[in-house]
Amino acid sequence: MSATSIQKADIDNKLDREKNNLLNLHEALNKSNTNTNNMLTILQSFENRLMKLESTVEPVYNETEMLRRRQENIEKTMVTLDNVLGYYHVAKDVEEFIKEGPHNCGLEKYLSIMDRLVQAHNYFNKHNPTSLELTDVIRVYDDGKEALVIEFRTLLGRHCRPVPPVMILDMISTDEELPAADDIQLEHLPEKILTELSLISTWLFTNTKNTEYMKDYTRSRSSMLIKSLQGLKDHMKTSTGNSAISLFSMANSPAPSGKGKTPKDTPGRKSVRKMAHSFKRKAATALMQSPFDPGHKRQGSHVELPKEEILDVEVDIYITELSALLKLIQSEAQLMSGIIADKHHRTVFDNIIQEGLDAVIKNGELLAGNAKKSIAKHDFINVLSVFPVLKHLRSIKPEFDFTLEGCATPTRAKLTSLLSTLGSTAAKALEEFALSIKSDPEKASMPKDGTVHELTNRTIIFLEPLLDYADTAGAMLLLHGEQAAPSEAVDVKKSKLKLADYITKTLSALGLNLSIKAETYSDPTLRPVFMLNNYHYILKSLRRSGLLDLIHTWNKDVGQFYEDRINEQKKAYSESWSKVMHYITEVHEPISQQRIHALESSKEKLKDKERQNIKDKFSGFNKELEDILRIQKGYAIPDPELREHMKKDNKDFIIPAYRMFLDKYKRLNFTKNPEKYVKYSIQDVADVVDKLFDMSA
């Protein structure tokens, strides 16, 4: 067979198979159509039966639902009727409980009775406002309402107590020994009483327009705030004993021991001890500021250590009082949140804190007033007490502002006004002090011995404490000075630079005044001694206190300036030895070494003129040395280190020259009485120098 025939036969076979497949597909499709028609018939029959069932059941359901609703209405009507009937008898039923008051029958039960009276009142007021029953309900209701107000007042009076001073000190204590997370919460009232007060106030606020209970709450809590602050002041005054001795002795502190603590570890005791340490540091600083070593007698000047530097209890008490006020009003705000409705929070809070805030503000204004009086008297040391108060008030004022947010504008302005008053007073004190340095009289209290002047000592005592309050003092100068800057332009760096500038100018005025005063001495040698003492004391005090570092942020040459002035005064002082040196350095009619050698190597004798010349030199030396001892032992150099340094300089200046002079002439036979002229050995001269600057020598 040909290939074409085979291919044709193959195609015919495939075509037959496809025809068979198509035939089978038609048969399957016919069966599927038959099944679909059967299912549709069944579903149609089921739908017809459901429609018949629904038409039969629906009337029964509707009738049942109607009956159920009727039953509910009947039950509601019976309940309402019972309540309405109860309204006609409620006054009589509850009158006995109302007379007993909430304390006897229980607060929750009493409030539920009051709710019944409210409902009866509303019913009769709406449906029968002229009924006699309404009159009875109103009478009993008013009695019950008054009883609730009285109960609220009684609970406050019975359970409110001032906060113990030791607890306040614990709360405001910043001792490092206390854990930072150990936050002390004040418990003004027991939890049960807080709940009852909250229930009463909530009911009164919801059901009445009575605000008497808020006035009672305001009066009670305001009184407790005042008593807490006064108790704290009394406690601190008792603890300090109003004297430095009892302040430093903590053995009699009334702070009780708490659980798990020994008495000496009570945080309240630590707070008082910390305040005592502040006074110790002040006293020690004031003593260090004295330019005189122990036993040195000062002549012609009368500086005494100011008592204010040793003890200023009232200022520390006031600083503590400020912190206590902040903590107490914060706790009052927290306490009232569960008792007074939010709507009245700010008004009630404002009224509670008024008296306490006014008392603290008044004390601050009194402090400012006393400072102004001190300024007028030029008693500037007392004014220093303003700066720790200012520093503390500035640090806690943001917390005060946050706590007082929402209060009346006059209330929020009080602390700002106090801060401004204290700030302007402090700035005025600084300016007046600088002016007093410039205008101090030329001959005022001039020391006869050339020691440190009273003005210098007073200036250092005033300036040194300012370092602890550099940012505060500088800010006050910027805000309240002659060229006041806006508060937003003041920062810590600018404040410290301003204070450094102020101190530099004050010291410059002091130096100029001292220079003028020095000219009043008739003794020209006493002038450089006086200036040397003052310059040295100023520089030493600036270095010791750290003020020099602050000043160098403004002018880095100040330290070197004082070093140069000290060296100049030493050089000027050395001129006082010129007459002594005139004789031993043989400025006038010297005898040559060649002549001395010739005399020693031969039997030749000194001429009368030469002998007299040598005698005059020794006599002149002796006289001038004795005059210097007589005069300069009355001079004062109170600083031991400087005094010894000056003596050493004198020895280094005089003794080498005297040794050469003595060696040159002691071998020559210029007199029959050598002890008359050679009165001082090298050691004798050194001993004379050691007696300088010492009246007891």
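Residues numbered from 1 in each chain as written. Predicted model: local features only at pLDDT ≥ 70, side-chain atom pairs only at ≥ 80, totals over all residues. Heavy atoms only, no water.

In this section: the overall build of the protein chain. Counting secondary structure elements, the protein chain contains 28 helices and 0 strands. Per-residue burial for the protein chain yields a buried fraction of 44% across its 697 residues. Sequence separation of at least 24 residues holds for 80% of the intrachain contacts in the protein chain that already meet a minimum separation of 6. (Helix = DSSP H or I, 4+ residues; strand = E, 2+ residues; numbered from the N terminus. Buried < 20%, exposed > 50% of the residue type's maximum accessible area, 1.4 Å probe, protein only. Contact = heavy atoms within 4.5 Å.)

This part takes up the packing of helix H16 (residues 409–439) against helix H17 (residues 454–463). Each packed pair of helices is defined by two parameters, the angle between the axes and the distance between the axes. Where H16 contacts H17, the two axes come as close as 11 Å, and the packing angle between them is 160°. Taken as axis vectors, H16 and H17 run roughly antiparallel relative to one another. The hand of the H16/H17 crossing is left-handed. Contacts between H16 and H17 involve Leu 430, Phe 433 and Ile 437 from the former and Leu 455, Arg 458, Thr 459 and Phe 462 from the latter. Class assignment of the residues belonging to the contact of H16 with H17 gives a composition of 5 nonpolar, 1 polar and 1 charged. (Axes fitted to C-alpha atoms, helices over the stretch in contact; angles between N-to-C directions. Parallel < 35°, antiparallel > 145°, perpendicular 65-115°, else oblique. Left-handed = near helix turned anticlockwise from the far one by under 90°. Nonpolar A, V, L, I, M, F, W, Y, C, P; charged D, E, K, R; others polar.)

Turning our attention to the pattern of salt bridges. Between side chains of opposite charge, pairing is possible as soon as their charged atoms come close. Counted under the stated rule, the structure contains 28 salt bridges. Residue Asp 557 pairs with Lys 556 through a salt bridge whose shortest N-O separation is 3.9 Å. According to the relative accessible area criterion, Asp 557 is partly exposed, its value standing at 47%. Between Glu 626 and Lys 679 there is a salt bridge, and its shortest N-O distance comes to 3.0 Å. (Salt bridge = Lys/Arg side-chain N within 4 Å of Asp/Glu carboxyl O.)

With respect to the helices and strands, Leu 499 occurs in helix H19 (residues 492–518). Residue Leu 499 is classed as buried on the basis of its relative accessible area of 0%. As a C-alpha pair, Leu 499 and Tyr 469 span 30 residues in sequence and 9.6 Å in three-dimensional space.

With 17 residues, helix H22 (residues 558–574) extends 25 Å from end C-alpha to end C-alpha; this agrees with the ideal 24 Å at 1.5 Å per step. Along H22, the residues that are buried comprise Val 558, Gly 559, Tyr 562, Arg 565, Ile 566, Gln 569, Lys 570 and Tyr 573. Taken down its axis, H22 places every buried residue within 140° of arc, on the same side. Here the buried face of H22 lies against H19, helix H20 (526–545), helix H21 (547–552), helix H25 (608–632) and helix H26 (640–665). (Expected span 1.5 Å × (residues − 1). Arc of directions from axis to C-beta.)

Turning our attention to the packing of aromatic side chains. For the structure shown, the criterion picks out 11 aromatic pairs. Look at Tyr 521 and Phe 530: their rings are 5.5 Å apart centre to centre, the planes differ by 65°, and that puts the pair in the edge-to-face class. Each member of the pair, Tyr 521 as well as Phe 530, carries the same accessibility label: buried. Grouped by ring-pair contacts, the aromatic residues Phe 380, Phe 433 and Phe 462 constitute a single cluster. (Phe/Tyr/Trp six-rings, centres within 6.5 Å; stacked < 30°, edge-to-face > 60°.)

Following the UniProt record, the feature "coiled-coil region" (unreviewed entry) maps to residues 8–35 here. Secondary structure over residues 8–35 splits into 100% helix and 0% strand, and the C-alpha atoms at its two ends are 42 Å apart. (UniProt positions renumbered as here; feature names shortened; annotations may be inferred.)

The next thing to look at is the nonpolar core. Counting 168 residues, the largest nonpolar core has Tyr 217, Phe 462, Leu 466, Tyr 502 and Trp 577 as the members making the most contacts within it. A per-element tally of this core places helix H12 (residues 313–336) first, with 13 residues. In this view, Tyr 502 contacts Leu 430, Glu 431, Phe 433, Ala 434, Phe 462, Leu 463, Leu 466 and Leu 477; residues no more than four positions away in its chain are not counted. (Core = buried A, V, L, I, M, F, W, Y, C linked by side-chain atoms within 4.5 Å.)

A few words now on unusual backbone geometry. Although it is not a glycine, His 378 sits at a positive phi angle of roughly 60°. Structurally, the position occupied by His 378 is in the loop between helix H13 (345–376) and helix H14 (380–383). The exposure class of His 378 is partly exposed, given its relative accessible area of 42%. One non-glycine residue with positive phi stands out, namely Phe 693, at about 60°. For Phe 693, the position within the fold is in the segment after helix H28 (682–690).

Considering the arrangement of structural elements, one finds Asp 234 in helix H8 (residues 212–240). According to the relative accessible area criterion, Asp 234 is partly exposed, its value standing at 39%. Separated by 83 residues in sequence, Asp 234 and Ile 317 place their C-alpha atoms 9.7 Å apart.

Where H8 contacts H13, the axes come no closer than 8 Å and their chain directions differ by 25°. By the angle class used here, H8 and H13 are roughly parallel. Like other packed secondary-structure pairs, H8 and H13 cross with a definite hand, here right-handed. Two secondary-structure elements touch here, H8 through Met 214, Tyr 217, Thr 218, Arg 221, Ser 222, Leu 225, Ile 226, Leu 229 and Lys 233 and H13 through Val 348, Asn 351, Ile 352, Ile 353, Glu 355, Gly 356, Ala 359, Val 360 and Asn 363. Classifying every residue of the contact of H8 with H13 by side-chain character gives 10 nonpolar, 5 polar and 3 charged.

Now for the side chain of Glu 196. The topology assignment puts Glu 196 in helix H7 (residues 191–207). Buried charged residue Glu 196 carries no salt bridge. Nearest counter-charge: Lys 192, at 4.4 Å. (Lys, Arg positive; Asp, Glu negative; His and termini not counted.)

Examined against the element boundaries, Asp 564 turns out to sit in helix H22. With relative accessibility at 33%, the residue Asp 564 sits in the partly exposed group. Sequence separation of Asp 564 and Tyr 535 is 29 residues, and the distance between their C-alpha atoms is 9.9 Å.

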